[in-house]
Structure formats: C-alpha cells, structure tokens
Amino acid sequence: RPPRRRSSKGPSTNTHRRMHAPDPPAPEAATATAHPPESPPSSSALPPAEEDTAGGFERLRILVVEDEDFAARVVQALCEKCSYEVTIARSAEAALDFLAADAARPATEQFNLILVDIVMAPGRMSGKELLLALRVERVERCVVMMSAIHQRAMVEECIRSGAESYLVKPVRLEDVARLWQVVMRHHLSALSRRQARQRAEMARLRAETLAERERVRRERLELEQKVLLDRQRERMQQQMMRMLHSQMRQYWQLAQTCNDLILHASRQGVFLYMSHKCKRLLGYAPTELSSSRDTIGTVHPDDLAELRALVARAEAREETPLVAEGEKLTLRVRAKDGAFVPLRFPMYPVA
C-alpha cells in the first residue's frame, strides 16, 4: 500500500507541472528568425536610441560624400536602417557647401559624422583632398573614409591626415551600426583635447598670475626698501643738521667767550660778524654792526685792497695751492667814534 500512495501522488505532480505555460521566445531570437540572411549586429553594436551622449546629440546625423548613385543609395539605406539621419553630397565641393550651411545651425542639429569616399570622379576634388581641406578650415567633425581599396598604407595615410576610421567597400550593416561608437570615440578624444587645452591655458594663467604676484611683490619690496632708505637718509640728514647746529652753537658760545676779536668780513670789506670783543675795541655792540653794516665797521681804504687780494688768493687756493692759511694781516677798522683802530690777526678763508 505505501507504493500505491506514492503512485497516486505522482500523477497529480505531473499534472501540476503541465499547467505552467512555456516561456515566450526572446526578442533577439525572433529578430534573428525574421531576417536570417542578413545576420544583424548584436544589441551592443546598435546605436543608443534617444540618448544624449557626450557629443550633445540624440540621433546620429551623417553627411555621406559619394559620387556613385548606387553606392550612395546603399549607404543611405544601411544608415536609415540604423535610424540615422542621412544627407547625400554627390561631390566634395557640394559637401563643403553643406558644411558651410551646417555651421549656422545649432550644435544639436549639426552633422556628427562625415562619411567620405576616397575615389571621386576625375577632375573633381578627391576624398583625401576634402579631408585636408576640412583640417585646414578646422572643421571639428568626425570623418570616416571608405573605399574599395584595402591597403594598409592608404589607411595609415588617411588616419594621419585626420580621419577617425576607415571602411572598406562593400559597406556592411555591422560597420554602419558601429559608427556611433566611432563618433563617441571622436567626441571623447575631442573632449580630452579641449580639457588638455584648458588645463594648459589654466597652467599658463596660473603661471602668469604667479609671475604677476612675484612682480608686485618685488615692486612692493623695492618700494619698501626705497621708503626705508629715504627714512634713513632723512634721519641721517636730521642727525647731521642737529650735529651742525650743535657745533654752531658751540662755536658761537666759544666766539662769545673768547678774549680775542673774531671777525667775518666779506670781499668788499664789510664785516658780517664780530664777536663781543668788538665792544671794548671798537666801541659798538655786534647788533649795531648788523643793523648798520653799510656805515660802520668798514676797513680803511688803503687796507681794503690788501684784504681783497688776500680773499682772491684764498678763492683760488685750488689753482695755487701755495697760498698759506692763517696769513697775518693788519687792518685798520673804523671805530664808533670815527677813528681807525689797527688790528692784527690771522686770516682764514671760509667757504
């Protein structure tokens, strides 16, 4: 009987399993069966739909430069099958016109890719010449070359001239479906170059700022040093003036307390200064001399010529170094009462 119980539960379990519906086939498999001969690309190769990429585009816009009508229609059909917007230019000159008009459009409506055939009609601009013209005019577009010629040298030449990639005819759907990856790579490379230029510009500006700061610092330091030197010079001048005034006061006090008569005479024979000894010898105070120097304190006319000659020799002492200082001279000076008083004293030139 236990085996019967197991046999009775077995059918119910099998019946329960039959009630589940089978899983539906995957969409990729359905697509593969719908188009078996074309073998479409995998989901990773298809372009992103309605997605804002690094280049600022939502849908790939391609300018196809192809002079052969059949090849242009084939490429256009493949691009439209990948949901690309396609514009056909039948010559390189027409492509330049399209690009000139495209430059006035907003960045989100401009061409993202230029698909150029290398071989054009004789007498017209070739694809390589168009590529060079785009680089000369600094047209920032992703350029992909295509040709039936599959030579490594030509591919390398196109890449060196500025092309992003190279397609060999006949163009396949897989190649067209992966064009958005080429565009993305171009935009990322352009973004890296812009960032490098910005970093270089920032480094240049930073260097200029540092240089300007250093220049300002040096100018401020030089100004501070100049101000410091001016202050030191001013303090030295003040100190020298104080020392000079102190020495003048000392000499003045010495002259006032000296028992000898000290005179300061001009070349014309007028006394500019006399010490207080003149009160006893000449009869007037020094203040009277300063108030009436034109009428009193003059030298006798006979002695004036000798005084002038002595002063002239003293002024020319640099040319005639044999002139001795402290030369004895006797002068007759008019006193207050009108009489001439003879005075003998050494003469010293004062600059």
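Provided above is the structure to which this section pertains.
Quick caveat, the model's predicted, so the values are computed rather than measured.

Calculation notes
- Residues numbered from 1 in each chain as written.
- Predicted model: local features only at pLDDT ≥ 70, side-chain atom pairs only at ≥ 80, totals over all residues.
- Heavy atoms only, no water.
- Helix = DSSP H or I, 4+ residues; strand = E, 2+ residues; numbered from the N terminus.
- Buried < 20%, exposed > 50% of the residue type's maximum accessible area, 1.4 Å probe, protein only.
- Contact = heavy atoms within 4.5 Å.
- Areas by Shrake-Rupley, 256 points an atom, 1.4 Å probe, with all protein chains shown as cover.
- Pairing = 2+ DSSP bridges.
- Right-handed = clockwise from strand over helix to strand, strands pointing away.
- Patch = residues over 30% accessible without salt bridge, like charges linked within 9 Å, V, L, I, M, F, W, Y side chains within 5 Å.
- Salt bridge = Lys/Arg side-chain N within 4 Å of Asp/Glu carboxyl O.
- Axes fitted to C-alpha atoms, helices over the stretch in contact; angles between N-to-C directions.
- Parallel < 35°, antiparallel > 145°, perpendicular 65-115°, else oblique.
- Left-handed = near helix turned anticlockwise from the far one by under 90°.
- Nonpolar A, V, L, I, M, F, W, Y, C, P; charged D, E, K, R; others polar.
- Arc of directions from axis to C-beta.

Asks: Explain the overall build of the chain residue by residue, including any values.
Replies: Broken down by element type, the chain carries 11 helices and 9 strands. Taking all 351 residues of the chain together, 29% fall into the buried category. At a minimum sequence separation of 6, the contacts of the chain that also span at least 24 residues come to 56%. As presented, the chain carries roughly 23900 Å² of accessible surface, and 55% of it is formed by carbon and sulfur atoms.

Asks: How would you summarise the pairing of strand S3 (residues 113-117) if you had to cite specific residues and measurements?
Replies: Judged by how many residues are buried, S3 sits mostly within the fold: 5 of 5 residues are covered. Two strands pair when backbone bridges link them, and strand S1 (residues 61-65) and S3 are joined in this way by 4 bridges, in the parallel orientation. Opposite Ile62, over in S3, you have Leu113 as the bridge partner. The pairing of S3 with strand S4 (residues 142-147) spans 5 bridges and is parallel. When the bridges of S4 are listed, Val116 appears paired with Met145. At this point the chain moves from S3, through helix H5 (residues 127-136), to the parallel S4, and the crossover so formed is right-handed.

Asks: Please give an account of a nonpolar patch on the surface that cites residues and values.
Replies: A contiguous nonpolar patch, built from Met241, Leu244 and Met248 and spanning about 280 Å² of accessible area, is present on the exposed surface. Its place among the elements puts Met241 in helix H8 (residues 179-257).

Asks: Give a detailed account of the packing of H5 against helix H6 (residues 152-161), specifying residues and quantitative values.
Replies: Where H5 contacts H6, the two axes come as close as 10 Å, and the packing angle between them is 20 degrees. In terms of orientation, H5 and H6 fall into the roughly parallel class. Relative to H6, H5 is oriented so that their crossing is left-handed. Of H6, the residues touching H5 (which contributes Lys128, Leu131, Leu132 and Arg135) are Glu157, Cys158 and Ser161. Tallied by class, the residues present in the contact of H5 with H6 amount to 3 nonpolar, 1 polar and 3 charged.

Asks: Tell me what's going on with the sheet that holds S3, and back it up with residues and numbers.
Replies: What the 5 strands build is an open sheet, ordered S2-S1-S3-S4-S5; its pairing is parallel. Each having just a single partner strand, strand S2 (85-89) and strand S5 (165-168) make up the two edges of the open sheet. Here the average twist between neighbouring strands, direction ignored, is 20 degrees.

Asks: Could you give me a rundown of the environment of Leu132, with the residues and numbers involved?
Replies: Mapping Leu132 onto the fold places it in helix H5. C-alpha separation for the pair Leu132 and Ala163, spaced 31 residues apart in sequence, amounts to 9.6 Å.

Asks: Describe helix H4 (residues 92-102), with residues and values.
Replies: Three or more residues of H4 are buried, namely Ala92, Ala95, Leu99 and Asp102. Projected down its long axis, H4 shows its buried positions confined to an angular sector of 70 degrees, all on one face. The outward face of H4, more than 90 degrees from its buried face, is lined by the exposed residues Asp97 and Ala100. Its buried side turned inward, H4 meets S1, S2, S3 and H5.

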